[in-house]
Amino acid sequence: MWMHMHGHGHQLVGRVYDYLENIQPGLARKVFGGVVTTSAVFYLAVRGCRYYRSWQVGKERGQSARDACQTLRDYLAEKEQEEGPVNREKEAMIVSLDAKQLKEKLWRGELKVLEVLRAYQRKALEVNDELNCITEPIFEAEAMAVDLDLLKPNQRGPLHGVPVSLKDTLNVEGYDNHAGFAVLVDKPAEKDADIVQLLKGLGAVPFVRTNFPQGLMTFACSNPMYGRTGNPHDTSRTPGGSSGGEGALLGGGGSVIGIGSDIGGSIRIPCQFCGVYGLKPTVDRIGNKGHTPLASGQMLVRFCMGPMARDMDSLIVLSQELFTPRMHRLDPAVAPLPFRDEVLEETGPLRIGFYTAIEGSSSHPACVRAVMEAKAALERKGHKVVQFTPPRAFDTFCELYMRACFGDGDEENQRMLKDDVLDVCVRFSHYLQKLPLYLRRILSKVIGVMDPPLGRMGNAVCRLPRRIIDWWHLQDQIQAYKQEFLDAWRNQKLDAVICPGLPYPAVTAGFEDHVLSGAVYTTLYNLVNYPVGILPVTTITQQDIQRVKDPSVYPRSGAFEKFIVKDSEGSEGMPVAVQCVALPFQEEVVLRVMKEIDSTIRQ
């Protein structure tokens, strides 16, 4: 029928054209030319108006967030005038405590919840002035603190009065959750995310929300509304993403515990770059309801929420309270597993695998050294540490992870970003996806000459599932790889594995696209759905910088490695982390290995 109507349309246009030509030769060309020009001008005007509207929405949203921070600063100054000078020494003591010490002092009544909150509010604002890591304060925190101070000891929760920061992508009732897209602004959440409800029920006080990259699927940390977040060790370098604001705030001392989310390293990458601690749990060990619903229909590789912390003890304290049947009561799909303290406190020897590099992504000498230092620490504790090689890691990153997570061909992001302001962290991928498929294939081959791993990634994204049966086959391939990985693990009778967090330290902000292939170190464990913790082990030294320039030490087969060599200049003092991995739902084993490494290297 459409073909029939389409044919009639052509006939009608032809008749109008002939009619105008009969009236006056050349009239039809002028009329049709005018119509085309007018239509083009109208189309561009509409697109321009929409773009301007998006720009205005983003500008207003960013300004309102900055105003909110200033409102909190003014309020704290006003309270200081009313109540007298702040005891700066006491506040410095408060923000120096880990979550375990803080919880104990709050429980015993040695500290008031309100004074702890205000100490952290001041510190967070101070860190934000330098790093731009906060999107906005949570103003309800003050009323929560006042109410908590009225509770009797037997009414206090396990995290009574402990302040907690939240990645901006978690729902907080009454606050936007827009992932940097103007189209989602001014749509406040109707209720808290499950994990926020749990934290409040435990007595914790959510007090600030933290920055993220536009669209979330990158380890940059910038968006058009809130701008770029800096790294607490060097503001010219990226804090990582997408939980970059959390990593920066924790690394700068503006929070003691926080919540991030992870589908490809979004908790672990900021921890590596900012020198803090984190844990990506097994999917469904913690509920994930109430997160920005991007790519929510993609279920082959699922995201999860997880704890982040400034130190090891704080990470354990937060994990002990998050892994609880209370979460199961909020969401029955979550495994009703309590935290197993007996596993954490075990002292018997473990058999632990290790590797320092993955094929296709050379590992910086400092990252190799970090793993070897962690290996030595575990051996001093009596553990057996053996070489382990993840099977086909880079192949599966390209062929399975990339094709699953980007299987919509970026359609959702393209729809969200239509007529929106593009942040620098998404421009390349956004415009690349707009190219015809044949051009993307050619470009992938060209890139592959300069950077073979990145070329392989691009080629994989050019071969996305197109039919339902393709998705079924992709799921079969992922399940088969999970079994292959488990077989390799069990063949060596492993209890855990240690490996680099990423194969490089924090890179200069704005150049995250140059090192995308390094994400295989983190995405591998999202694909197989194993719990992974990450902790800082060492920092970059001048010797590391000299060693990375030596081709016999640091092989360079493409643009990725060449960039790392160049970018290593000035990286002295940047943190380097190690990942600790265990089998699904063995988060306590992960924390035990992390704790033993941490306690040994910090003796």
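Scope of this entry: the structure provided in the associated data block.

Re the overall build of the protein
Thought 1: On a plain count of helices and strands, the protein comes out with 23 helices and 13 strands.
Thought 2: Against the globule reference of 25 Å for 603 residues, the protein gives a C-alpha radius of gyration of 26 Å, in line with a compact fold.
Thought 3: Referenced to the eigenvectors of the C-alpha coordinate spread, the extents of the protein come out at roughly 95 × 65 × 50 Å.
Thought 4: Counting all 603 residues of the protein, 56% fall into the buried class.
Thought 5: As displayed, the protein has an accessible area near 25,700 Å², and 56% of this comes from carbon and sulfur atoms.

A few points about the packing of helix α14 (residues 393-405) against helix α20 (residues 520-527)
Thought 1: Following both chains from N to C, one finds α14 and α20 inclined at 65°, their axes separated by 10 Å at the closest point. Handedness of the crossing formed by α14 with α20: left-handed. Contacts between α14 and α20 pair Ala393, Phe394, Thr396, Phe397, Leu400 and Tyr401 from the former with Val520, Thr523, Leu524, Asn526 and Leu527 from the latter.
Thought 2: Class assignment of the residues belonging to the contact of α14 with α20 gives a composition of eight nonpolar, three polar and no charged.

Quick look at the nonpolar core
Thought 1: Core analysis: the biggest nonpolar cluster contains 146 residues, and Leu102, Ile195, Ile259, Ile498, Tyr525 and Val593 have the highest contact counts within it.
Thought 2: Per-element tally for this core: the top contributor is helix α5 (residues 113-131), with 10 residues.
Thought 3: Counting residues in each nonpolar core, the second largest holds 18 residues, with Phe212, Leu216, Ala220 and Tyr226 among its members.

Overview of helix α4 (residues 99-107)
Thought 1: Of the positions making up α4, those classed as buried are Ala99, Leu102, Lys103 and Leu106. Looking straight down α4, one finds that the buried residues subtend no more than 100° of arc, so they occupy a single side.
Thought 2: Against α3 (88-96), α5, β2 (163-167), β6 (257-262) and α10 (312-322) lie the buried residues of α4.
Thought 3: Looking one or two residues past α4, Gly109 carries a phi angle of roughly 80°, positive in sign.

Remarks on the side chain of Gln414
Thought 1: Mapped onto the elements of the fold, Gln414 is located in helix α15 (residues 411-417).
Thought 2: Residue class for Gln414 comes out buried when judged on its relative accessible area of 17%.
Thought 3: The residues contacting Gln414, other than those within four sequence positions of it, are His430, Gln433 and Lys434.

With respect to the pattern of salt bridges
Thought 1: Counted by the stated rule, this structure contains 37 salt bridges.
Thought 2: The shortest N-O distance in the salt bridge between Asp168 and Arg209 comes to 3.6 Å. Remark: Arg209 occurs in strand β3 (residues 205-210) and Asp168 occurs in the loop between β2 and α7 (194-201); sequence separation between them is 41 residues. Residue Asp168 shares its accessibility class with Arg209, and that shared class is buried.

Focus on the pairing of strand β12 (residues 532-539)
Thought 1: Where burial is concerned, most of β12 is hidden: seven out of the eight residues are buried.
Thought 2: Of the pairings in the sheet, the one linking strand β7 (residues 277-280) to β12 comprises three bridges and is antiparallel in character. Bridging across to β12, Gly278 finds its partner in Ile534.
Thought 3: As paired strands, β12 and strand β13 (residues 575-581) are joined by seven bridges and run antiparallel to one another. Across the sheet, the residue bridging to Thr538 is Val576, located in β13.

Considering helix α22 (residues 559-567)
Thought 1: Residues of α22 that are buried include every one of Phe560, Glu561, Phe563, Ile564, Val565 and Asp567, and no others.
Thought 2: Structurally, α22 contributes buried residues whose contacts are with α21 (542-548).

Describing the packing of aromatic side chains
Thought 1: A full pass over the atoms with the stated rule returns 17 aromatic pairs.
Thought 2: Between Tyr120 and Phe207 the ring centres are 6.2 Å apart and the planes differ by 70°, which places this aromatic pair in the edge-to-face class. One end of the pair, Tyr120, is in helix α5; the other, Phe207, is in strand β3, with 87 residues separating them in the sequence. Both residues of the pair, Tyr120 and Phe207, belong to the buried class.
Thought 3: Relative to Tyr530, the ring of Trp489 lies with its centre 5.5 Å away and its plane at 80°, an arrangement referred to as edge-to-face. Taken as a pair, Trp489 in helix α19 (residues 468-491) and Tyr530 in the loop between α20 and β12 lie far apart in primary sequence, 41 residues in all.

Observations regarding the pairing of β6
Thought 1: Of all six residues that make up β6, six are buried, and the element is covered over most of its length.
Thought 2: Because side chains alternate across β6, one face comprises the buried residues Ile257, Ile259 and Ser261, and the other comprises Gly258, Gly260 and Asp262, equally buried.
Thought 3: Taken together, the two bridges between β2 and β6 define a ladder with parallel strand orientation. Each residue of the ladder has a partner; that of Leu166, found in β6, is Ile259.

A closer look at unusual backbone geometry
Thought 1: Residues Gly241 and Ser242 are joined by a peptide bond in cis, for which omega reads 10°.
Thought 2: In this fold, Ser242 is placed in the loop between β5 (227-228) and α8 (244-251).
Thought 3: In the Ramachandran plot, Ala179 falls in the positive-phi region, its phi being about 55° despite a non-glycine side chain.
Thought 4: Looking at the element boundaries, Ala179 is found in the loop between β2 and α7.

Remarks on a nonpolar patch on the surface
Thought 1: Together, Leu435, Tyr438, Leu439, Ile442, Val446, Val449 and Met450 line one region of the surface with nonpolar side chains, adding up to about 680 Å² of accessible area.
Thought 2: Checked against the element boundaries, Val446 lands in helix α17 (residues 437-450).
Thought 3: Since its relative accessible area comes to 45%, Val446 is described here as partly exposed.

Points about the environment of Glu412
Thought 1: Tracing the backbone shows Glu412 in helix α15.
Thought 2: For the pair Glu412 and Ala295, spaced 117 residues apart in the sequence, the C-alpha separation amounts to 7.3 Å.
Thought 3: For Glu412, the contacting residues outside a window of four places in its chain are Pro293, Leu294 and Ala295.

Reading the values: rules and limits
- The numbers attached to residues start from 1 for each chain and follow its sequence in the written order.
- Side-chain atom pairs in this predicted model are given and counted only at pLDDT of 80 or more, local residue features only at pLDDT of at least 70, and totals for whole chains, interfaces and linings cover all residues.
- Here the side-chain values reflect all heavy atoms present in the structure, with hydrogen atoms and water set aside.
- Helix and strand assignments follow DSSP, with helices taken as H or I runs no shorter than four residues and strands as E runs no shorter than two, numbered in order from the N terminus.
- All radius of gyration figures rest on C-alpha atoms, and the globule criterion is 2.2 Å times the number of residues raised to 0.38.
- Burial classification: accessible surface area is computed with a 1.4 Å probe over protein chains only, and a residue below 20% of its type maximum counts as buried, one above 50% as exposed, and the rest as partly exposed.
- Method for areas: the Shrake-Rupley scheme with a 1.4 Å probe, in which residue coverage is limited to the protein chains shown.
- In this analysis an axis means a line fitted to C-alpha atoms, helices contributing only their contacting stretch, and an angle means the value between N-to-C directions, from 0 to 180 degrees.
- Here a crossing is called left-handed whenever its near helix is offset anticlockwise from the far helix by less than a right angle, and right-handed whenever the offset is clockwise.
- In what follows, a contact means two residues having at least one pair of non-hydrogen atoms within 4.5 Å.
- Polarity classes work like this: nonpolar for Ala, Val, Leu, Ile, Met, Phe, Trp, Tyr, Cys and Pro, charged for Asp, Glu, Lys and Arg, and polar for all others, with Gly in that last group.
- The criterion is simple. A nonpolar core is a set of buried Ala, Val, Leu, Ile, Met, Phe, Trp, Tyr and Cys residues joined through side-chain atoms within 4.5 Å.
- What the arc measures is the spread of directions leading from the helix axis to the C-beta atoms.
- Salt bridges are counted wherever a side-chain nitrogen of Lys or Arg sits within 4 Å of a carboxyl oxygen of Asp or Glu.
- By this definition, two strands are paired if DSSP reports at least two bridges between them.
- We call Phe, Tyr and Trp rings a pair once their centres come within 6.5 Å, taking the six-membered ring for Trp, and we label the pair stacked below 30 degrees between planes, edge-to-face above 60, and tilted otherwise.
- Patch membership is restricted to residues that have no salt bridge and whose relative accessible area is over 30%. Joining uses 9 Å for like charges and 5 Å for the nonpolar side chains Val, Leu, Ile, Met, Phe, Trp and Tyr.

Nothing here speaks to function; it is all geometry.
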